[in-house]
Amino acid sequence: MINLKNLRMKYYDNGTEIEALKLKKISIEDGKHVAFIGSSGCGKTTLFNLISGMITPTEGTVEVNDVDLTTLTEVERDLFRANHIGYIFQDFNLFPDFTALQNVLLPMSFSKRYSKKEMNELAKDILKKVGMGEKINQKVKTLSGGEKQRVAIARSIVNKPDVILADEPTGNLDYKNGAKIMELIKEIAKEEKATLIVITHNNSQLDMFDEVINIEELNEVIK
Ligand SMILES: Nc1ncnc2c1ncn2[C@@H]1O[C@H](COP(=O)(O)OP(=O)(O)OP(=O)(O)O)[C@@H](O)[C@H]1O
Ligand SMILES: [Mg+2]
């Protein structure tokens, strides 16, 4: 279960206060597939950063699996993220000079769950699953956009997260490849029984979700 309550997020930029988010409540049940929508700048990525514990709110609580992330230290939040959250970033966040395999191995080494041998086998299996089995040793900077996206998906699911956050995963892809990637993410989330939240601007994908949440309507900050 994800429970966000009385959230306020203020950023401070050169002494100026920017209020980005003011939200009463969002609840998402385990295993649901949910879409976050709303226009650019309404706070969608900020919410993902809060749910993944990358940042903490100025006010309010962020509960994931009954743990209030705002009560944890940064180190505890990093470990929580490594073990429970799979984050597919808006701009991939892959290491371009590392190979596909090295990129997928990285979060596994943080979670400290597996031996080296197990990590290698699992990472290879998952890269195969996303259709990148032939390119595991290719440097990420030499991959196409869709291929990078597949590596980013593989990396996000390798630790078997309870929650998968995908920030516009098909934003840079053509219609056909976008639809394929969305299907792949949904299929993996279903197999792993993970909660899935996808930020999307693509209205044609919305009927694939159990619920669509318009962040712009919920956010009380007037821009
Ligand atoms: N680190 C930061 N410092 C200052 N302001 C920020 C910071 N991060 C985000 N903001 C501001 O917070 C608001 C919400 O940003 P956010 O990235 O969450 O929007 P978004 O809904 O994901 O937009 P998009 O659809 O364009 O990705 C914006 O006005 C943005 O400028
Ligand atoms: Mg965003």
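## Things to note about the nonpolar core
Argument step 1. In this structure, Leu127, Val151 and Ile153 are the most contacted members of the largest nonpolar core, which totals 40 residues.
Argument step 2. Those elements giving two or more residues to this core turn out to be β3 (33-37), α3 (100-111), α4 (116-129), α5 (145-157), β7 (163-167), α6 (175-192) and β8 (195-199).
Argument step 3. Here the element with the most residues in this core is α6; it accounts for six residues.
Argument step 4. In contact with Leu127, other than residues within four places in its own chain, are Ala100, Leu101, Val104, Met132, Gly133, Ile136, Val151 and Ala154.
Argument step 5. With 28 residues, the next largest nonpolar core counts Phe48, Ile51, Ile85 and Ile213 among its residues.

## Regarding the environment of Gly15
Argument step 1. Within the fold, Gly15 resides in the loop between β1 (2-13) and β2 (16-28).
Argument step 2. Each C-alpha atom of the pair Gly15 and Asp207 lies 43 Å from the other, and the pair is 192 residues apart in sequence.

## A word on the packing of aromatic side chains
Argument step 1. Tallied over the entire structure, the rule returns four aromatic pairs.
Argument step 2. Centre to centre, the rings of Phe48 and Tyr87 are 5.9 Å apart; their planes meet at 80 degrees, and the pair counts as edge-to-face. With a gap of 39 residues between them, Phe48 in helix α1 (residues 44-51) and Tyr87 in strand β6 (residues 85-88) connect regions that are remote in the sequence. No difference in accessibility class separates Phe48 from Tyr87, as the two residues are buried.
Argument step 3. Here Lys186 stacks its cationic end above the ring of Phe209, 5.6 Å away from the centre of that ring.

## Looking at the coordination of the magnesium ion (ligand 2)
Argument step 1. Donor atoms from the polypeptide that coordinate the magnesium ion (ligand 2) comprise Thr45 (OG1) and Gln90 (OE1), at 2.0 to 2.6 Å from the metal. Taken together, the positions of Thr45 in helix α1 and Gln90 in the loop between β6 and α3 put the pair 45 residues apart, joining distant regions of the chain.

## Some points on the site of ligand 1
Argument step 1. The immediate surroundings of ligand 1 are formed by 14 residues, with Ser40, Gly41, Lys44, Thr45 and Thr46 found nearest.
Argument step 2. One of the backbone nitrogen or oxygen atoms of Gly41 is found 2.8 Å away from an oxygen atom of ligand 1.
Argument step 3. Between ligand 1 and the protein, one listed contact pairs an oxygen atom with a side-chain N or O atom of Lys44 at 2.8 Å.
Argument step 4. Expressed as a share of its isolated accessible area of 640 Å², the protein-covered part of ligand 1 is 65%.
Argument step 5. Only β2 and α1 provide two or more residues apiece to the shell around ligand 1.
Argument step 6. By residue number, the principal contributor to the shell around ligand 1 is α1, which donates three residues.
Argument step 7. Considered class by class, the residues forming the shell around ligand 1 number four nonpolar, seven polar and three charged.

Conventions adopted
- Each chain carries its own residue numbering, running from 1 in the written order of its sequence.
- For this description, chains carry letters from A and ligands carry numbers from 1, given in the order in which they are written.
- Only residues with pLDDT of at least 70 are given local features in this predicted model, and only at 80 or more are side-chain atom pairs given and counted; all residues enter the totals for whole chains, interfaces and linings.
- In computing side-chain values, all of the structure's heavy atoms are included and hydrogens and water are not.
- Joining through side-chain atoms within 4.5 Å is the link that ties buried Ala, Val, Leu, Ile, Met, Phe, Trp, Tyr and Cys residues into a set, and such a set is a nonpolar core.
- For every residue, the accessible area (1.4 Å probe, protein chains only) is compared with the maximum for its type, and the residue is labelled buried under 20%, exposed over 50%, or partly exposed between those bounds.
- Segments assigned H or I by DSSP are reported as helices when at least four residues long, segments assigned E as strands when at least two residues long, and all are numbered from the N terminus.
- Any two residues having at least one pair of non-hydrogen atoms within 4.5 Å are treated as being in contact.
- By convention, a stacked pair of Phe, Tyr or Trp rings (six-membered ring in the case of Trp) has centres within 6.5 Å and planes under 30 degrees apart, an edge-to-face pair has planes over 60 apart, and any other such pair is tilted.
- Only when the NZ of Lys or the CZ of Arg is both within 6 Å of the ring centre and within 35 degrees of the ring normal is a charge said to sit over the ring.
- Each metal site is built from N, O and S donor atoms within 2.8 Å (3.2 Å for Na, K and Ca), and since water is not included, such sites may look incomplete.
- When at least one non-hydrogen atom of a residue lies within 4 Å of a molecule or strand, that residue is treated as near it.
- Residues adjacent in sequence count toward polar contacts only when both atoms are side-chain atoms; beyond that, a polar contact is any pair of N or O atoms within 3.5 Å, and within protein one must be able to donate a hydrogen and the other to accept it.
- Here the accessible surface of atoms and residues is derived via Shrake-Rupley with a 1.4 Å probe, and residues count as covered only by protein chains that are part of the display.
- When residues are sorted by character, Ala, Val, Leu, Ile, Met, Phe, Trp, Tyr, Cys and Pro go into the nonpolar class, Asp, Glu, Lys and Arg into the charged class, and all the rest, Gly among them, into the polar class.

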